[in-house]
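Reading the structure
Read off the chains here:
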Amino acid sequence: ARRGYGSMAVSNSTGSQIINILIGLGLPWLICCTAGLPITVHGHESIRVMALFQAANVSLYTLLLLLATACTWRRGDHSKARLD
C-alpha cells in the first residue's frame, strides 16, 4: 500500500477472507452431502436474533457516520474527486 498499490492490498485482504469462508463452509457441507449425512442446524432462532442485532448496529453506525460528515458535503463540480 505504501508504493501506491492500495487497491491491491484491499482486494488481497478481501479475497482471502472470501476464499476462507467459501472453503470453510462449503467443503464440510460438500463432504456431508456426498456422504449422505443430514445437516441439522440447532439454535437457528438465536442466530437470527444475532443477525438482526448486527444489521441494526451496522445501520446505526453508517447513519452516524453520514450525519457526522453531512456538514462537509458540497454541491457542485466534483470532477477532481476521482479515484485513480
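Structural data are supplied above this passage.
What this report covers is the structure whose coordinates are included nearby. Remember, predicted model here, so these are calculated numbers, not experimental data. (Residues numbered from 1 in each chain as written. Predicted model: local features only at pLDDT ≥ 70, side-chain atom pairs only at ≥ 80, totals over all residues. Heavy atoms only, no water.)

Right, let's get into the overall build of the protein chain. Of regular secondary structure, the protein chain possesses two helices and zero strands. Among the 84 residues that make up the protein chain, the fraction classed as buried is 0%. (Helix = DSSP H or I, 4+ residues; strand = E, 2+ residues; numbered from the N terminus. Buried < 20%, exposed > 50% of the residue type's maximum accessible area, 1.4 Å probe, protein only.)

Moving on, we get to the pattern of salt bridges. This structure, assessed with the given rule, holds one salt bridge. Notably, a salt bridge pairs Arg48 with Glu45, separated by 3.8 Å at the nearest N-O pair. Placement of the pair is Arg48 and Glu45 together in helix H2 (residues 44-69), with a separation of three residues, close to one helical turn. Of the residues examined, Arg48 reaches a relative accessible area of 47% and is grouped as partly exposed. (Salt bridge = Lys/Arg side-chain N within 4 Å of Asp/Glu carboxyl O.)

A few words now on a nonpolar patch on the surface. Residues Ile18, Ile19, Leu22, Ile23, Leu27, Trp29, Leu30, Ile31, Ile39, Val41, Ile47 and Met50 make up a contiguous nonpolar surface patch of roughly 1,200 Å² in combined accessible area. Within the residue set of the nonpolar patch, elements represented by two or more residues are helix H1 (6-35) and H2. Per-element tally for the nonpolar patch: the top contributor is H1, with eight residues. Along the chain, Ile39 falls in the loop between H1 and H2. (Patch = residues over 30% accessible without salt bridge, like charges linked within 9 Å, V, L, I, M, F, W, Y side chains within 5 Å. Areas by Shrake-Rupley, 256 points an atom, 1.4 Å probe, with all protein chains shown as cover.)

Turning our attention to H1. With 30 residues, H1 extends 44 Å between its outermost C-alpha atoms, agreeing within 8% with the 44 Å of an ideal straight helix rising 1.5 Å per residue. Looking one or two residues beyond H1, the residue adopting positive phi is Gly36, at roughly 80°. (Expected span 1.5 Å × (residues − 1).)

On to the state of the cysteines. Within the structure shown, the criterion is met by zero disulfides. In this model Cys33 remains outside any disulfide bridge; the closest cysteine sulfur is found in Cys32, 7.0 Å from its own. (Disulfide = S-S within 2.5 Å.)

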